[in-house]
Every structure is written in C-alpha cells, then in structure tokens.
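Structure assessment
Here's the letter readout for the chains.
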Amino acid sequence: MKITKLTTHIVPPRWLFLKIETDEGIVGWGEPVVEGRALTVQAAVHELEDYLIGKDPFLIEDHWNVMYRGGFYRGGAVHMSAISGIDQALWDIKGKALGQPIHSLLGGQVRDKIKVYSWIGGDRPADVANNARDVVARGFKAIKLNGCEEMQIVDSYDKVEKAVQTIAAIREAVGPYIGIGVDFHGRVHKPMAKVLAKELDPYKLMFIEEPVLSENKEALRDIVNHTSTPIALGERLYSRWDYKQVLSDGFVDIIQPDLSHAGGITECRKIAAMAEAYDVALAPHCPLGPIALAACLQIDAVSYNAFIQEQSLGIHYNKSNDILDYISNKDVFQYADGFVNIPQGPGLGIEVDEAYVIERAKEGHRWRNPIWRHEDGSFAEW
C-alpha cells in the first residue's frame, strides 16, 4: 500500500480536517489544527506531504521520526499539530486495513468506557450555577469552566472574590460530589495564582487547570504549597521532551496532552506512559472536533492512568457546527451516565461524512481568539 494524496478541509467552527488516500482505496482522517492558526498548520501539512507521497502508510513510527527530526528545526505548536493530524490519519488507515480499532493495535483496551466532562458558561454566578445544574441533570458527573476573567500580574481582590463566588455558587448548585474543573487558562500569574488556589481550596475541586502558563512552570512549586487541589497542565506542551521536566519536577498531578497538538496518537501514547511512571493522571485536552475526540479515546482506551476525557459538544466555541455534524455514525459519541464508550469500529471508529465536510469547507473559517486588554491598556492573556 502507498500514500497517494493528502487533502485538507478548513471547516467551521474552527477546525482543520485531513484526508489521506492510498492506492488501495483505504483512506484515513486526521485533525491537524492550532486554534486560530488553521491556515498555517494547513501549509505545514502540505510541506510534509512531499515526503509522504509514495510511502507505506503502515510505517507510522518511522514516518513520525522523519517528520519530527528530518527538517532540522523541530517542535512547537504548528509543526507538532501538523504531525498530529497526519499521525491520526495513518493510524486510521492501518486500523481500517486490518479491520481493528487503533486501541487493539496498541495492545488492547484496559477499560470499556471513560468519564467525560462538559463545559459550562455564563456571565454571572447565578447563570453559571443554573447551567451547571442543567448539565448534571443530563447525566454528567463532572464539569469545567473558566475560573476568572483577565487578571494582571498583581490585581485587586474584587476579582478574586468574583471568581470564588462563582465556584461557590456552582458547588452549592451541584452538591458535594460532582467534579468541578477550574481552568485559569494561563490568564493568571504566580502572585495571584497562589491567592486563587488557596481561596478555592474549600470547594474540593477536581483540578485547577493551567494556574500559570506552561512557560512559567517553575511557579508551580509555590502554587502547590497553597492548595491541596490537583494541578493540571499540558495543552500547550507539544512533545515528550516538553513534558520531561514537568513530570520530573513533581508539581503536576494531571497532564493534558492534546492529540491534535502533541504529536498525535504515537507521541501521546509515550507521554501517557511517561506520566504513569510518575504516578500522574491523564486527561487529554480536546475542545476540538470529532476526529480529535476519536483519537483521544484510542489513547484513553489503552492508558491505565487516564481518568476523564474533555469533549466539546455544546462548548461555546461551536456556534455554527458541532462535533456530531461531521460524522455519519453519531451514536459513537453517545454519552450515558457521565461516560462515553470506547469506539469499537476499525481505525478511529468514526465515519466521516465527507460530502458534508466538503460542503462546509466552502464556507471555511478564519477563527481568531479574542484580544483582551487590562484597564490600563496593556495586553491581557486570554
């Protein structure tokens, strides 16, 4: 079997899909994208295409090494996301050719299903609490929300109190046993992250995500001394080399590699195993589309330390399209009692509706994250 063609589709709301074709008629799908940089990743995919045409799609490990190491300069969000989507598609081809789900080729599943959490939003504590109550009523056992708005490196306590009031309202609304993940989104710097972590400790959170930016990971040493809440990090780390110090430092309890950013299935399998050796949990990051989610579930299936999966159904970004729109077998992501079953179909286990992908690609997107500024006019992390 030989790779014959790579085709990319930029589709709403903010995704990039990749189709890899072979001379035997078997195709694979991947989702190589950096949110807000889809066109750039698209170009990177087609640069890598030059090497892949005519190659055996089964030689995934070798292709990964060449794509990563063969260009001399390596790593970073764009390069690793391009590799990620290609890697997903190659695994999809291999699974389909052999009539097996990818997790079967990785040693076989260790679980039948995995817990999922739902994003919630709202501008006021009461609104967020009502949204959380609705999500729990639909069967979810865990939720996640942004923990605060923009916050300067040292800021006033009214912003701290607003964040605490929101979390307090949610905890009261959903009761003591629903998991609550609070995402600081890298908006907070060390001085205020310590304050927030301590103030939120009484609400028994499932985790605090990105309390500081990944490049400021040395600050975690101080933050963990102010809270007993598990610390989660990793959506902006792109390889096992990026995770190496994070794991050896010992300040992170949960890693969140993104299967569309951190080298795909091949690399995230290795990252998950590294984390297991440090007794660190796995919760793959996935505010993306159906191909990315299907890839995540393959890693969840074979990783002992996986405990929960992010998914984007109904997330605030998905205004024009949602994850089920682009697949034919919509029941593959059927949530029940807060869990989703591990897909059992060949390859990624999803059937992409190619005709609909092509139709929506005519509209495409130029999604960009908002640019925020502080009251004094300086740039604020989003």
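Residues numbered from 1 in each chain as written. Predicted model: local features only at pLDDT ≥ 70, side-chain atom pairs only at ≥ 80, totals over all residues. Heavy atoms only, no water.

Turning next to the overall build of the protein. When you go through the protein residue by residue, the secondary structure sums to 12 helices and 15 strands. A globule of 382 residues ought to have a C-alpha radius of gyration of about 21 Å, and the protein, at 20 Å, matches this closely. A principal-axis box enclosing the C-alpha atoms of the protein has dimensions of 60 × 45 × 40 Å. Counting only residues that meet the buried cut, the protein has 55% of its 382 residues in that class. Across the protein, every contact between residues at least 6 apart in sequence was considered, and the portion connecting residues at least 24 apart equals 70%. Distance from the positive charge centre (40 side chains) to the negative charge centre (53 side chains) of the protein: 1 Å. (Helix = DSSP H or I, 4+ residues; strand = E, 2+ residues; numbered from the N terminus. Rg over C-alpha atoms; globule rule 2.2 N^0.38 Å. Buried < 20%, exposed > 50% of the residue type's maximum accessible area, 1.4 Å probe, protein only. Contact = heavy atoms within 4.5 Å. Lys, Arg positive; Asp, Glu negative; His and termini not counted. Charge placed at Lys NZ, Arg CZ, Asp CG, Glu CD.)

Note on placement: valine 174 falls in helix 6 (residues 157-174). Judged by its relative accessible area of 14%, valine 174 falls in the buried class. For the pair valine 174 and arginine 187, spaced 13 residues apart in sequence, the C-alpha separation works out to 26 Å. Contact partners of valine 174, with chain neighbours within four places excluded, come to Ala132, Arg133, Val136 and Ile180.

What follows concerns helix 3 (residues 77-98). The first and last C-alpha atoms of helix 3 sit 32 Å apart over 22 residues, in line with the 32 Å expected at 1.5 Å per residue. Within helix 3, 16 of the 22 residues are buried, which leaves the element mostly enclosed by the surrounding structure. A positive backbone phi angle near 70° is found at glycine 99, which sits one or two residues after helix 3. (Expected span 1.5 Å × (residues − 1).)

This next bit is on the UniProt feature "domain: Mandelate racemase/muconate lactonizing enzyme C-terminal" (unreviewed entry) in the protein. According to UniProt, the "domain: Mandelate racemase/muconate lactonizing enzyme C-terminal" (unreviewed entry) feature falls on residues 125-230. When the span residues 125-230 is considered, its composition is 43% helix and 12% strand, and the gap between its end C-alpha atoms is 23 Å. (UniProt positions renumbered as here; feature names shortened; annotations may be inferred.)

We now examine helix 6. Helix length check: helix 6 (18 residues) gives 26 Å between terminal C-alpha atoms against 26 Å at 1.5 Å per residue, within 8%. Every buried residue belonging to helix 6 is among Val160, Ala163, Val164, Thr166, Ile167, Ile170, Arg171, Ala173 and Val174, and all of these are buried. Once helix 6 ends, the next one or two residues include glycine 175, with phi positive near 90°.

On to the pairing of strand 3 (residues 27-30). Two elements, strand 2 (residues 15-22) and strand 3, share four bridges in a ladder whose sense is antiparallel. Each residue of the ladder has a partner; that of isoleucine 20, found in strand 3, is glycine 28. Linking two consecutive strands that pair antiparallel, namely strand 2 and strand 3, is a turn of four residues; a positive phi of about 85° is found at glycine 25 within it. (Pairing = 2+ DSSP bridges.)

Let's shift gears to unusual backbone geometry. Geometrically, the link from proline 12 to proline 13 is a cis peptide bond, its omega value of 5° lying close to zero. Its location among the elements puts proline 13 in the loop between strand 1 (3-11) and strand 2. Non-glycine residue histidine 185 carries a positive phi angle of around 60°. Note on placement: histidine 185 falls in the loop between strand 6 (179-183) and helix 7 (190-200). Positioned with a positive phi, aspartate 337 is a non-glycine residue whose angle comes to about 55°. Looking at the secondary structure, you find aspartate 337 in the loop between strand 12 (335-336) and strand 13 (339-341).

This paragraph deals with the environment of phenylalanine 339. The residue phenylalanine 339 is located in strand 13 in this model. Once the C-alpha coordinates of phenylalanine 339 and valine 116 are considered, the two residues, 223 residues apart in sequence, prove to be 5.5 Å apart. Those residues in contact with phenylalanine 339 that sit more than four places away from it in its chain are Lys113, Ile114, Lys115, Val116, Lys141 and Gln334.

Two orientations exist for strands paired in a sheet by backbone hydrogen bonds: parallel and antiparallel. Reading across the sheet, the three strands line up as 1-2-3 and stay open at both edges, with antiparallel pairing between neighbours. Of all strands in the sheet, those with a lone pairing partner are strand 1 and strand 3, marking the two edges. Across this sheet, the average inter-strand angle for adjacent strands is 20°, counted without regard to direction. Contacts from helix 12 (residues 354-361) reach strand 1, strand 2 and strand 3 within the one sheet, and its direction differs from that of strand 1 by about 55°. (Axes fitted to C-alpha atoms, helices over the stretch in contact; angles between N-to-C directions.)

Before going further, it helps to spend a moment on the packing of aromatic side chains. Enumeration over the complete set of coordinates arrives at 10 aromatic pairs. A ring pair is formed by phenylalanine 17 and tyrosine 326, whose centres lie 5.3 Å apart and whose planes are at 85°; its orientation type is edge-to-face. Taken together, the positions of phenylalanine 17 in strand 2 and tyrosine 326 in the loop between strand 11 (309-310) and strand 12 put the pair 309 residues apart, joining distant regions of the chain. In this structure phenylalanine 17 comes out as buried when scored by relative accessible area, which is 1%. For the ring pair phenylalanine 140 and tyrosine 335, a centre distance of 5.9 Å and an interplane angle of 65° mean the geometry is edge-to-face. With phenylalanine 140 in the loop between helix 5 (125-137) and strand 5 (142-146) and tyrosine 335 in strand 12, this residue pair connects regions lying 195 residues apart in the sequence. Pairwise contacts between aromatic rings join Trp15, Phe17, Tyr326 and Tyr356 into one cluster. (Phe/Tyr/Trp six-rings, centres within 6.5 Å; stacked < 30°, edge-to-face > 60°.)

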